[in-house]
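Listed here are the chains, written in short residue letters.
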Amino acid sequence: MDYNLTIHLIHVAGTRMIAQGTDGGSRGSLLEGVLSGKPMLDFVDLGKSAVERHEPLLEWIREWTNDPTLCPLTPEEWFVEGHGICGGQEDDAGVWIPKHEKPNQMHLWCPPPAVADAALEELLKARHKRTDTYHIIAIPRLMAPRWRRLYLKACDFSCEIPAGSVQWPSNMFEPLWLGVVLPFTHHRPWQLKRAPLLLELEREMRQVFRDGQADGGHILRQLLQLNPRLCKLPESVARAVLRMPRDELRSKIPNQGDEG
């Protein structure tokens, strides 16, 4: 049997099933969710971004990034502005020469879950084109098997904001995955992913959401201030700041780069 279609089995939160009416319908209740007359599409959020579903989320991100003009990239901008291109012009030979943005710019990626894999593929390309750019990612945990691998590959820092938090209310049902991609450093370890200090900050974020007494913005501000600090420090001091062990093995290996 060939119907030329693809069927996706999508995991959703139990609270969504209760609100939608599936849970009540299984018990014979016909006055909950869609059975009470609510539109079915109100419970299908695969094509909506996190900011579209909850607009105050953008103000919270702008607060800890200290960028009041920060806006999510549109799907068209994933392929241009997301790669650090802000215009361009033709040269004397008629060849289009792109104009690149200034260093240390920040981009916000809030793709709908249904197309998050396409957005993250472009982000991974952009990250290696412009190694001095910050990227913020916010995706609701829907259709996660399609994009989770790319998300974890891209992020230097990642946390899960549970539904019911100040910035992500309970009617969002599934948690929000928030990731941060930091610029490469000017010396080893080059990339800050899995650095002990970042793992500590991730644990602190989990504790903040577990206690429910803060929104975690102070931790995220500390994270964004880390890279400028490290660029001003020698490698040995930077490794100490990151809580990384001393690289004793490297000092015992002679530099053979000029041999031959």
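Residues numbered from 1 in each chain as written. Predicted model: local features only at pLDDT ≥ 70, side-chain atom pairs only at ≥ 80, totals over all residues. Heavy atoms only, no water.

Observations regarding the overall build of the chain
Stage number 1. A tally of regular secondary structure across the chain gives eleven helices and six strands.
Stage number 2. Judged by the C-alpha coordinates and their principal axes, the chain covers about 80 × 55 × 45 Å.
Stage number 3. By residue count, 41% of the 260 residues in the chain fall in the buried class.
Stage number 4. The long-range fraction of contacts in the chain, counting pairs at least 24 apart against all pairs at least 6 apart in sequence, stands at 66%.
Stage number 5. Here the chain displays about 15,300 Å² of accessible surface, and carbon together with sulfur accounts for 53% of that area. (Helix = DSSP H or I, 4+ residues; strand = E, 2+ residues; numbered from the N terminus. Buried < 20%, exposed > 50% of the residue type's maximum accessible area, 1.4 Å probe, protein only. Contact = heavy atoms within 4.5 Å. Areas by Shrake-Rupley, 256 points an atom, 1.4 Å probe, with all protein chains shown as cover.)

Overview of the sheet that holds strand E3 (residues 106-109)
Stage number 1. Reading across from one edge, E3-E4-E6-E5 is the order of the four strands in this open sheet, with mixed pairing throughout. Each end of this open sheet is capped by a strand with a single partner; those strands are E3 and strand E5 (157-161). Ignoring strand direction, the axes of neighbouring strands in this sheet form an average angle of 15°.
Stage number 2. Pairing of strand E4 (residues 134-140) with strand E6 (residues 176-181), which is carried by six bridges, proceeds in the antiparallel orientation. Residue proline 140 lies in a different strand from E6, and its bridge partner there is leucine 176. (Pairing = 2+ DSSP bridges. Axes fitted to C-alpha atoms, helices over the stretch in contact; angles between N-to-C directions.)

Let's talk about the confidence of the model for the chain
Stage number 1. Chain-level pLDDT for the chain is 88 on average; 93% of the residues reach the 70-or-more range.
Stage number 2. Note on residues 248-260: pLDDT is under 50 here. Beyond four places in sequence and across chains, it has two contacts. (pLDDT = per-residue confidence, 0-100.)

As for the packing of helix H5 (residues 116-129) against helix H6 (residues 144-154)
Stage number 1. Two elements in contact, H5 and H6, have axes separated by 9 Å at closest approach and are oriented at 20°. Taken as axis vectors, H5 and H6 run roughly parallel relative to one another. Where H5 crosses over H6, the two elements pack in a sense that is left-handed. Contacts between H5 and H6 involve Ala116, Asp117, Leu120, Glu121, Leu123, Leu124 and Arg127 from the first element and Arg146, Trp147, Leu150, Tyr151, Lys153 and Ala154 from the second.
Stage number 2. Looking at the contact of H5 with H6 residue by residue, the class counts come to eight nonpolar, no polar and five charged. (Parallel < 35°, antiparallel > 145°, perpendicular 65-115°, else oblique. Left-handed = near helix turned anticlockwise from the far one by under 90°. Nonpolar A, V, L, I, M, F, W, Y, C, P; charged D, E, K, R; others polar.)

Considerations on the side chain of asparagine 227
Stage number 1. Tracing the chain through its elements places asparagine 227 in helix H9 (residues 226-231).
Stage number 2. Beyond its immediate chain neighbours, meaning those up to four positions away, asparagine 227 contacts Tyr134, Pro183, Phe184, Thr185 and Leu192.

Focus on the packing of helix H4 (residues 56-65) against helix H8 (residues 217-224)
Stage number 1. The N-to-C vectors of H4 and H8 enclose an angle of 50°; their axes lie 8 Å apart at closest approach. Relative to H8, the element H4 lies oblique. The chirality of how H4 crosses H8 is right-handed. Taking contact as the criterion, the partners of Trp60, Glu63, Trp64 and Thr65 in H4 are, on H8, Gly217, Leu220, Arg221 and Leu224.
Stage number 2. When the residues that make up the contact of H4 with H8 are grouped by side-chain class, the tally is four nonpolar, two polar and two charged.

Observations concerning unusual backbone geometry
Stage number 1. Here the bond from arginine 188 into proline 189 is cis, since omega is 10°, no more than 30 degrees from zero.
Stage number 2. Considering the arrangement of structural elements, one finds proline 189 in the loop between E6 and helix H7 (196-211).
Stage number 3. Of note, tryptophan 190 is a non-glycine position whose phi angle comes to about 70°, a positive value.
Stage number 4. With respect to the helices, strands and loops of the structure, tryptophan 190 is situated in the loop between E6 and H7.
Stage number 5. Residue tryptophan 190 is classed as partly exposed on the basis of its relative accessible area, which comes to 46%.
Stage number 6. Phi at arginine 243 takes a positive value of approximately 65°, unusual for a residue other than glycine.
Stage number 7. With respect to the helices and strands, the residue arginine 243 is situated in the loop between helix H10 (235-241) and helix H11 (248-252).

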